[in-house]
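An overview of the molecular structure
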Amino acid sequence: MSIDEDIHIREAGRCGRITLTRPKALNALSYDMAMAVDGALDRWGDGGAVDLILVDAEGDRAFCAGGDVAELYRCGLDGDYSYGRKFWADEYRMNAKIGECAVPYVAIMDGIVMGGGAGISVHGTHRVVTERSMIAMPESVIGLIPDVGCSLPLAQAPGHLGEFLAMTGWRMNGADAIHAGFADIEVASADLAELKSQLEKTVDPAAIGAFARDGNEATLAPHLDAIDRHFGQETALDCLLSLEADPSDFTRKAAEMIRRGCPLSVACSFELVRNARTLASVRQALVHEYRFTFRAMSDGDFLEGVRAQVIEKDRDPKWQIRRLEDVSRAKIDAMLAPLGDDELEI
């Protein structure tokens, strides 16, 4: 299949346009698609060729449901970890370019936005959601951690919302995403065509304001105090045990979501968010995330997580460490330790 069938990159006057065109695959981001975005950023990011970059996707179900992990799985199953490491390293460099883009970068986050989809949207200057938006970082269910630079916005979310989102993979609506700092403004999906037309014509992100609307109520609003109480603990396990000692429906659901994730990934996700509060840039966050993803196949549970959730879909992963109670401090430190000569260079 030609890359041109998966992504459409063009210029509309002084507006750089990137459209993901894999709606049947929920616009999952392949390596070639990520590198096409990277190339466009190289051409446009300094502001010489365009005055605004607008990113969207075909279909009304998903902006981008994450990275296309099937090829990573196939290579890793054969003992080839180099493809996955290259995929993540090159993708992360592209994510950093979005965060450092010199021109306004407008992302239309309509529908499902997860994982790699957040990586090509959340670091933009103007993040637009709709009543159909569903944003999540559910990487722990496949043995990964919230990556593509998103450990930083998670760390910057109010209170301990970041730990909660990283450990559970909770699905945010548009209002939740705005509160968490993953998005800026909500518009009606029916207005998107006109909004995009105005942005192409004006190349001025101020045009978004005319389309702003009050969206759905934030689903997490009633639970923020509970989130801060339970996820302000010293360790990931402490957070989980605090939840399980609280009999409310919300805390029970959150605890169940954590228990479904890979214990090692959950513990490391918690640590990454905590550590990211000391970081100053997306670049730094990506370097820290890469330490885990570099080891995710060789030393972690990524292959088993993908097998259970994506390939065989039996939803019954056999994690190396079966319970969060059994994840040692030494194992967490080993997964997040600097990589020496293999450290990510951006």
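1. Concerning the overall build of the protein chain
For the protein chain, the count of helices and strands is 15 helices and 9 strands. Reported as C-alpha extents along the three principal axes, the dimensions of the protein chain are approximately 55 × 45 × 40 Å. Expressed as a percentage of its 346 residues, the buried residues of the protein chain come to 57%. Carbon together with sulfur atoms contributes 48% to the accessible area of the protein chain, which is approximately 13,800 Å² in total. Between the averaged position of the 36 positive side-chain charges in the protein chain and that of its 56 negative side-chain charges there is a distance of 3 Å.

2. Remarks on the pairing of strand 1 (residues 7-12)
Two strands pair when backbone bridges link them, and strand 1 and strand 2 (residues 15-20) are joined in this way by 6 bridges, in the antiparallel orientation. Its bridge partner being in strand 2, glutamate 11 is matched across the sheet by glycine 16.

3. Here's the deal with the layout of surface pockets
Computed from the structure, the largest pocket encloses a volume of approximately 1,200 Å³. Along the walls of the largest pocket sit 40 residues, with Met114, Pro138, Val141, Ile142 and Val310 positioned nearest its centre. Sorting the residues of the lining of the largest pocket by element identifies helix 2 (70-77), helix 3 (82-99), helix 11 (249-260) and helix 14 (302-311) as the ones contributing at least two each. Considering every element that reaches the lining of the largest pocket, the biggest residue donor is helix 11, with 4 residues. Among the residues making up the lining of the largest pocket, the classes are represented as 20 nonpolar, 8 polar and 12 charged.

4. Brief notes about the sheet that holds strand 6 (residues 112-114)
Overall, parallel pairing links the 3 strands, which are arranged 4-6-8 in an open sheet. Strands with a single pairing partner mark the edges of an open sheet, and in this sheet they are strand 4 (62-64) and strand 8 (134-136). Taken over all neighbouring pairs, the strand axes of this sheet differ in orientation by 15° on average, direction set aside. Two strands pair when backbone bridges link them, and strand 4 and strand 6 are joined in this way by 2 bridges, in the parallel orientation. Paired with alanine 62 across the bridge in strand 6 is isoleucine 112.

5. Examining empty space enclosed by the protein
Overall, the coordinates contain 1 cavity of 30 Å³ or more when judged by the stated rule. Its boundaries defined by the atoms lining it, the largest cavity holds a volume of some 30 Å³. Lining the largest cavity, in full, are Leu161, Asp176, His179, Ala218, Leu220, Ala221 and Leu224. Class assignment for the residues of the lining of the largest cavity results in 5 nonpolar, 1 polar and 1 charged.

Thresholds applied
Residues numbered from 1 in each chain as written. Predicted model: local features only at pLDDT ≥ 70, side-chain atom pairs only at ≥ 80, totals over all residues. Heavy atoms only, no water. Helix = DSSP H or I, 4+ residues; strand = E, 2+ residues; numbered from the N terminus. Buried < 20%, exposed > 50% of the residue type's maximum accessible area, 1.4 Å probe, protein only. Areas by Shrake-Rupley, 256 points an atom, 1.4 Å probe, with all protein chains shown as cover. Lys, Arg positive; Asp, Glu negative; His and termini not counted. Charge placed at Lys NZ, Arg CZ, Asp CG, Glu CD. Pairing = 2+ DSSP bridges. 1 Å grid on protein atoms, 1.4 Å probe; cavity = no way out; pocket = protein on both sides within 12 Å on 5 of 7 lines; lining within 4 Å. Points joined across faces, edges and corners; volume = space filled by probe spheres on them. Nonpolar A, V, L, I, M, F, W, Y, C, P; charged D, E, K, R; others polar. Axes fitted to C-alpha atoms, helices over the stretch in contact; angles between N-to-C directions.

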